[in-house]
Amino acid sequence: MTTGHELLPPPAAVTEADLLRQQLIQAQRLSSVGELASSVAHEFNNILTAVINFAKIGMKAQTPASQQQAFEKILKGGQRAAAIVHTMLGFARNNSVTRETTEIVPLVEEVLLLTEKDLGKHRILVEKKFHGRPKAVVVPGQIEQILVNLVINARQAMSNGGRLRVEVGENPAGDTVEVKITDTGTGIAPEHLRQIFEPFFTTKAPDEYGRGGTGLGLSVCRQIIEAHHGRIRVESVVGKGSTFTVKLPKQLPEDR
Ligand code: ADP
């Protein structure tokens with residue numbers, strides 16, 4: 001059975017609540033940074049190993065052509081490492097709450113850059129489908145935060161590997177950008193569908209270090225999306241997988 005649940009727009013918020021909400025969003029972001037840190041550090045180490053090896057090869061190279069080839073590999077490794085560090089720092093530090101008209105595909109690409117190593121390690125194949133380069137009015141760092149969360153959740157639902165499909169496009173009316181994240185994981189029981197957006201709802205049992213789910217990821221995603229006048233929708237089939245669709249307005253309601 002496929003079940004769906006769509007959230008309604010937010011009620012007006014008070015200032016102190018706004019402040020607490022910001023702090024919660026920031027705390028949740030730091031927890032995602034922690035999730036990403038170990039796989040990013042491993043990837044960085046792999047790049048460094050390649051850079052060192054190609055430097056050694058280049059130093060011993062007999063011909064200018066093979067030296068050039070080694071330099072090119074070193075450059076490529078350095079550029080990839082720089083992109084990863086830049087994206088990670090941007091993600092960790094970005095506390096901005098300013099909305100800007102933003103291309104959504106590059107945000108998705110940055111999130112995949114940070115998570116692809118981790119996904120590969122868990123034998124998860126990533127499929128991307130981008131329909132054009134749609135723009136929405138968003139706080140870029142917050143949208144990345146949502147996407148990191150959805151990707152990490154999807155990965156955790158596919159403990160035996162699987163496929164992650166990320167699709168970006170516009171809705172048929174052309175007023176909303178939609179990001180769809182589909183996994184082939186466990187799926188979500190119909191009776192849990194409403195609860196998953198509630199703070200502290202988690203089905204993730206603590207591991208041997210006592211680390212389980214916090215149940216804050218989706219509730220923070222919901223808060224961020226509501227503040228953007230967007231929507232989040234989930235469809236899920238137990239045993240087959242889930243699709244989370246994030247809908248972001250191309251214009252603010254007051255500008256329409
Ligand atoms: P946490 O990840 O800490 O448990 P979340 O708020 O991110 O907190 O998620 C709440 C719950 O929603 C999860 O514990 C899990 O039961 C369910 N869930 C979220 N995403 C998925 C998914 N892609 N597949 C299966 N279950 C999911």
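Heads up: the structure comes first, above all this text.
Notes on the structure follow. (Residues numbered from 1 in each chain as written. Predicted model: local features only at pLDDT ≥ 70, side-chain atom pairs only at ≥ 80, totals over all residues. Heavy atoms only, no water.)

### Some thoughts on the overall build of the chain
Broken down by element type, the chain carries five helices and eight strands. When the helices and strands of the chain are listed from N to C terminus, the series reads β-α-α-β-α-β-β-α-β-β-α-β-β. Based on the C-alpha atoms only, the size of the chain along its principal axes is roughly 70 × 45 × 40 Å. For the chain, the residues scored as buried account for 39% of the 256 residues in total. In the chain, of all internal contacts separated by at least 6 residues, the share reaching a separation of at least 24 is 77%. Carbon together with sulfur atoms contributes 55% to the accessible area of the chain, which is approximately 14,100 Å² in total. (Helix = DSSP H or I, 4+ residues; strand = E, 2+ residues; numbered from the N terminus. Buried < 20%, exposed > 50% of the residue type's maximum accessible area, 1.4 Å probe, protein only. Contact = heavy atoms within 4.5 Å. Areas by Shrake-Rupley, 256 points an atom, 1.4 Å probe, with all protein chains shown as cover.)

### Things to note about the pairing of strand β7 (residues 231-237)
Only one face of β7 is buried: it carries I232, V234 and S236, and the other face, with R231, R233, E235 and V237, is open. One ladder, built from seven bridges, connects β7 with strand β8 (residues 241-249); its direction is antiparallel. For E235, the partnering residue across the bridge sits in β8 and is T243. Two successive antiparallel strands, β7 and β8, enclose a turn made up of three residues, where G239 displays a positive phi of approximately 85°. (Pairing = 2+ DSSP bridges.)

### Things to note about the environment of N149
For N149, the location among the structural elements is in helix α4 (residues 140-157). A residue is classified by how much of its surface remains accessible, and N149, at 6% relative accessible area, is buried. Taking the C-alpha atoms as reference points, N149 and A41, 108 residues apart in sequence, are found 19 Å from one another. Setting aside chain neighbours within four positions, we find N149 in contact with Q28, S32, G217 and C221.

### Some points on the side chain of S242
Mapping S242 onto the fold places it in strand β8. Those residues in contact with S242 that sit more than four places away from it in its chain are I181, T182, D183, G187, I188, E235 and S236.

### Brief notes about helix α3 (residues 104-121)
Working note: α-helix, 3.6 residues per turn, so residues spaced by three or four point in the same direction. Between its first and last C-alpha, α3 extends 26 Å over 18 residues, near the 26 Å set by a 1.5 Å rise per residue. At T115, α3 shows its largest kink, close to 50°. Three or more residues of α3 are buried, namely I104, V105, L107, V108, V111, L112, L113, L114, T115, D118 and L119. Once α3 ends, the next one or two residues include R123, with phi positive near 55°. (Expected span 1.5 Å × (residues − 1). Bend = angle between axes of the 7 residues up to and from the residue.)

### Here we look at the site of the ligand
Around the ligand lies a shell of 20 residues, among which T202, T203, K204, T214 and L218 are the nearest. The separation between an oxygen atom of the ligand and a polar side-chain atom of N153 is 2.9 Å. T203 is positioned with one of its side-chain polar atoms (N or O) 2.4 Å from an oxygen atom of the ligand. With three residues, the single largest contributor to the shell around the ligand is α4. (Near = heavy atom within 4 Å. Polar contact = N/O pair within 3.5 Å; in protein donor to acceptor, adjacent residues only side chain to side chain.)

### Some points on the nonpolar core
One finds I104, L164 and F244 to be the most contacted residues of the largest nonpolar core, which totals 50 residues. Sorting elements by how many residues they give to this core places α3 first, with nine residues. (Core = buried A, V, L, I, M, F, W, Y, C linked by side-chain atoms within 4.5 Å.)

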